[in-house]
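Now for the letters of each chain:
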Amino acid sequence: MTSEIWHRLRAEAEAVVRKEPLLASYVYTCVLKHRGLASSLSFILANKLSDDVMPVVTVRELFEEAYAESSEIIDCAASDILAVYERDPAVTTCLPVILNLKGFHSIQVHRLAHFLWRRGRTDLALFIQSRNSEVFGVDIHPACVIGRGILFDHATGIVVGETTVIEDNVSILQQVTLGGTGNEKGDRHPKIRSGVLVSAGAKVLGNITVGEGAKIGAGSVVLEDVPPHTTVVGVPARAIGTTSGPAPAQTMNQSLFED
């Protein structure tokens, strides 16, 4: 899939160059001059993430090291691009995902931070987390485990705690917190199973499980386990129905009574 996504990105980039001359240099520099998705992403993300402390060339070397050592990271990025393209009705091509969408960017920066964390480079991983928060408005602890096919829609204000697990094919909207309930230690953050939709402004707190295919209503505060394929809403959240058909993460349907 990664090579297919890359070929699609190149074709879309060539079309933009023909259509919008003012973007030609930018699109060429970000996409068309590169040999593959890893090279393109490392360039784009390094330029967005760098600062006076960590220059572009250094940050790009970190991304390239991670991509070279773990090809799964770039495969996950390709799955994330496809997730945005398939689920976000405002996205009609793949190219804007890698060029413009900070939700996608923040996930890819987290993948670098997580790579560094797992290799014992925790201070550097925390620095990357801080830059991710400053640049994209998304705060993800580098120890958090995130699967593939993830959509952070709009993304502003998303907070994800240290021991959180987000499985594959999950969609999360803006101002969502996956956090703890206090200053307890150890495994203290939510486990979000595949196919879950966490709607705008929801707070999921504590070492609880949101079951496969569940839906969390906008603004809800979830303090207890959510069974699979269940819709919950309220403060505190309570079950109001079940989900059926395609996973809520796929449909992006935030309506509480229509699945």
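In what follows, the structure referred to is the one given above.
Note that this is a predicted model, so its numbers are computed, not measured.

Cut-offs and rules
- By convention here, each chain's residues receive numbers from 1 onward along its written sequence.
- Side-chain atom pairs in this predicted model are given and counted only at pLDDT of 80 or more, local residue features only at pLDDT of at least 70, and totals for whole chains, interfaces and linings cover all residues.
- Hydrogen atoms and water are omitted, and side-chain values are computed over all heavy atoms in the structure.
- A run of H or I in DSSP becomes a helix once it reaches four residues, and a run of E becomes a strand once it reaches two; helices and strands are each numbered from the N terminus.
- Note that the radius of gyration is over C-alpha atoms, with the globule rule given as 2.2 Å times the number of residues to the power 0.38.
- Whether a residue is buried, partly exposed or exposed follows from its accessible area with a 1.4 Å probe, protein chains only, as a fraction of its type maximum: under 20%, in between, or over 50%, in that order.
- By definition, residues are in contact when any of their heavy atoms lie within 4.5 Å.
- Two strands qualify as a pair provided DSSP detects at least 2 bridges between them.
- For our purposes a nonpolar core is just a set of buried Ala, Val, Leu, Ile, Met, Phe, Trp, Tyr and Cys residues, chained together by side-chain atoms within 4.5 Å.
- Angular values range over 0 to 180 degrees, each being the angle between N-to-C directions of two axes fitted as lines to C-alpha atoms, with helices fitted over their stretch in contact.
- By definition, any crossing whose near helix is turned counterclockwise from its far helix by less than a right angle is left-handed, and any crossing with a clockwise turn is right-handed.
- When residues are sorted by character, Ala, Val, Leu, Ile, Met, Phe, Trp, Tyr, Cys and Pro go into the nonpolar class, Asp, Glu, Lys and Arg into the charged class, and all the rest, Gly among them, into the polar class.
- By convention in this document, the label disulfide applies to cysteine sulfur atom pairs within 2.5 Å.

> Mind laying out the overall build of the protein chain, listing which residues take part and the relevant values?
Secondary structure assignment for the protein chain yields nine helices and 15 strands. Taken over the C-alpha trace, the protein chain has a radius of gyration of 18 Å; the compact-globule value for 259 residues is 18 Å, and the two agree within 12%. Here the protein chain holds 259 residues, and 51% of them are scored as buried. The contacts of the protein chain with a sequence gap of at least 6 include a subset with a gap of at least 24, amounting to 46%.

> Tell me about the sheet that holds strand β14 (residues 230-234), and name the residues and values.
The strands making up a sheet are joined through hydrogen bonds of the backbone, oriented either antiparallel or parallel. Here we have six strands laid out as an open sheet, ordered β3-β6-β9-β12-β14-β15, and mixed in their pairing. The open sheet is flanked by β3 (151-153) and β15 (237-242), the only strands paired with a single partner. Looking at chain direction, β3 and strand β6 (residues 171-173) are connected through three bridges and run parallel. Each residue of the ladder has a partner; that of Asp-153, found in β6, is Leu-173.

> I'd love a proper account of the nonpolar core, names of residues and values included.
Ranked by internal contacts, the top residues of the largest apolar core, which has 49 residues, are Leu-9, Val-31, Leu-41, Ile-81 and Ile-98. Those elements that provide at least two residues to this core are α1 (2-19), α2 (24-32), α3 (37-49), α4 (56-69), α5 (71-87), α6 (95-100), α7 (102-118) and α8 (122-136). When neighbours within four sequence positions are excluded, Val-31 is seen to be in contact with Trp-6, Leu-9, Arg-10, Ala-13, Ser-40, Leu-95, Ile-98 and Leu-99. Counting residues in hydrophobic clusters, the runner-up holds 28 residues, among them Cys-144, Ile-150, Val-232 and Ala-237.

> Describe the pairing of β15, with residues and values.
By the bridge criterion, five bridges tie β14 to β15 in an arrangement that is antiparallel. Within the sheet, the bridge partner assigned to Thr-231 lies in β15 and is Gly-241. Between β14 and β15, which pair antiparallel one after the other, the connecting turn spans two residues.

> Describe in detail the packing of α3 against α4, supporting the description with residues and values.
Running from N to C, α3 and α4 point in directions that differ by 145°, and their axes come no closer than 8 Å. Like other packed secondary-structure pairs, α3 and α4 cross with a definite hand, here right-handed. Taking contact as the criterion, the partners of Ala-38, Ser-39, Leu-41, Ser-42, Phe-43, Leu-45, Ala-46, Asn-47 and Leu-49 in α3 are, on α4, Val-56, Val-59, Arg-60, Phe-63, Glu-64 and Tyr-67. The residue inventory of the contact of α3 with α4, partitioned by class, reads 10 nonpolar, three polar and two charged.

> Lay out the state of the cysteines with the relevant residues and their values.
Enumeration over the complete set of coordinates arrives at zero disulfides. Unpaired in this structure, Cys-30 has its nearest cysteine sulfur neighbour in Cys-94, at a distance of 16 Å. The class of Cys-94 is buried, set by a relative accessible area of 0%.

Fair warning: the whole summary comes from geometry, so function is off the table for now.
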